[in-house]
Amino acid sequence: MADTLFTNVRILDGTGATPPYSGSVLVSGNRIRQVGRNTASIAPGNAQVIDAAGATLMPGMTEAHTHFSWNDAPNLAAIQTMPLEEHVLWSAKVAKNYLNAGFTSCLGAACAKPRLDVVIRNAINAGQIPGPRYLAAGQEITVPGGLGDEMPPHLPFPDYSFGQVVNNADDMRRVVRMFLKYGVDSVKINLSGDNFVPGADAKTTWMTDAEVAAAAEEVKMRGKRIIVHARSCASIKQALRHGIHLIYHASFTDEEALDMLEAAKDKVFVAPGIGILWALLWEAEKWGIDHAKAVSMGYEEEWAAACQSLRAMHKRGVRVMPGGDYGFAFNPHLQNARDLELFVKHLGFTPMEAIRSCTLYGGQVMMQPNELGLIKEGYLADLMLLDGDPLANLAILRDPKRILAVMKDGVFAKAPTFASQRSWDRGWGNGAERAA
Ligand SMILES: [Zn+2]
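Residues numbered from 1 in each chain as written. Predicted model: local features only at pLDDT ≥ 70, side-chain atom pairs only at ≥ 80, totals over all residues. Heavy atoms only, no water.

1. Overview of the coordination of the zinc ion
To be explicit about the condition: Note that water is not among the atoms considered, so a metal site may appear incomplete; the donors listed are N, O and S atoms within 2.8 Å of the metal, with 3.2 Å applied to Na, K and Ca. In DSSP terms, a helix is any run of H or I states spanning at least four residues, a strand is any run of E spanning at least two, and both are numbered starting from the N terminus. Each residue's exposure class comes from its accessible area (1.4 Å probe, protein chains only) as a fraction of the maximum for that residue type: buried when under 20%, exposed when over 50%, partly exposed otherwise.
Each protein donor to the zinc ion is listed here as H65 (NE2), H67 (NE2) and D325 (OD); together their distances run 2.0 to 2.3 Å. If you list the donors of the zinc ion from N- to C-terminus, the spacing comes out as H-x1-H-x257-D. Note that H67 is positioned in the loop between strand 6 (61-66) and helix 1 (76-80) and D325 in the loop between strand 15 (319-320) and helix 11 (338-346), a separation of 258 residues in sequence. With respect to class, H67 is no different from D325; both count as buried.

2. Some remarks on the packing of helix 8 (residues 274-282) against helix 11
The cut-off we apply is this: Axis lines are fitted to C-alpha atoms, over the contacting stretch for helices. Their N-to-C directions set the angle, which ranges from 0 to 180 degrees. Oblique is the label for any angle not under 35 degrees, not over 145, and not in the 65 to 115 range, which are roughly parallel, roughly antiparallel and roughly perpendicular in turn. We call two residues contacting when some pair of their heavy atoms lies within 4.5 Å. Classification used: nonpolar for Ala, Val, Leu, Ile, Met, Phe, Trp, Tyr, Cys and Pro, charged for Asp, Glu, Lys and Arg, polar for all others including Gly.
Helix 11 packs onto helix 8 with a crossing angle of 80° between their chain directions and a minimal axis gap of 9 Å. With respect to helix 11, the axis of helix 8 lies roughly perpendicular. Residues I274, G275, W278 and A279 of helix 8 form the contact with helix 11, whose own contacting residues are R338, D339, L342, F343 and H346. Partitioned by chemical class, the residues of the contact of helix 8 with helix 11 number five nonpolar, two polar and two charged.

3. Re the sheet that holds strand 8 (residues 133-135)
Keep this limit in mind: Strand pairing is assigned whenever DSSP identifies at least 2 bridges connecting the two strands.
The three strands are arranged 6-7-8 in an open sheet whose pairing can be described as parallel. Here the strands that pair on one side only, and so sit at the sheet edges, are strand 6 and strand 8. Each neighbouring strand pair of the sheet contributes to a mean axis angle of 15°, computed without reference to strand direction. Bridge analysis of strand 6 against strand 7 (residues 103-108) gives four bridges, and the strand direction is parallel. The residue of strand 7 that forms the bridge with E63 is C106. Its contacts with the sheet put helix 2 (residues 84-100) on strand 6 and strand 7, and the angle it makes with strand 7 is roughly 135°.

Okay, here's the thing in structure tokens:
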């Protein structure tokens, strides 16, 4: 593996504490060897030198709530009915695209068939296919009639179901053990309903404590992580009561739920998937959900509640992370970084706090807090090079033309092609959005 020296970069280190500064970064093997505060401070030795002409170098981003196997279809049944062979190829393609888009780490939040995530993770780790660092999940585990039970009443075949449907604590134990046998990193259970599901809306909480306890016990025994779909207030409290610390959505809270989240803030991560609420409210008309329908489905109420809840969590120091539920027709893959913009516009984040939530917190949620998510000597070399200043314009994080290069583990996934990409008139990093 050739060493790489980035010179003349604007370093955004990902801590959220340090303003960007000019300098050089030397990558040796798969790690960041040296970070220099001025551009001539590091001797290149044998390294390949990338003169970045003022472009921004920041840590690769983390997506905390990823579904590679969601196939950009408009509903769960259309995701589920994709044949297995096509589904594997689809998931591999999405994994590659996420990496090229700057997501060097992704945390699987459920897949559509039992082993899809595990197979993709293993193929990435074996070097068979390109993709981010990946923590694999199983299917969503749900109860009859809940989110993920797509089985038509007259066709009682489990393969029609998006998730695995369990009916009591023993049943839960059986399914959780099956996913653990398959090698998942995380077991996903659906504690609350969802406005997408007629009769099981986002404020419902249908899984029993006995079922949740059985799942939590099995997962803990094998040293893995349990992750939950929890939109309702009761489901957030249920998760915390059972020691579950990666919570998806967390839309509806009360004072007690916020106090519980705050009390556990050193362990808890919340990845709300805020983008899909926005998309359903304002951008789903083409797929039969116009604004009036979205309101009648409860999305206006949930959006307002989620903004209030997530703002409060952020103020109380709970780690709220971008990403989530991309992979529907109305919320397609690769727009994931839009969440950072929504965090700033609607949740009270500064741009720096939004970036910190997918860099510093990213390393933490991937369970590699001391070596992943920052530009820091000794850390893993997961980096992205940007044409412009994301603090002045977060939208460049989802513009493939502005993502000049992506490196994972010291190797370019997307190599810089300077001659063709450089805007010679202004030079990188001198674009209109450059902060004064
Ligand atoms: Zn999800």
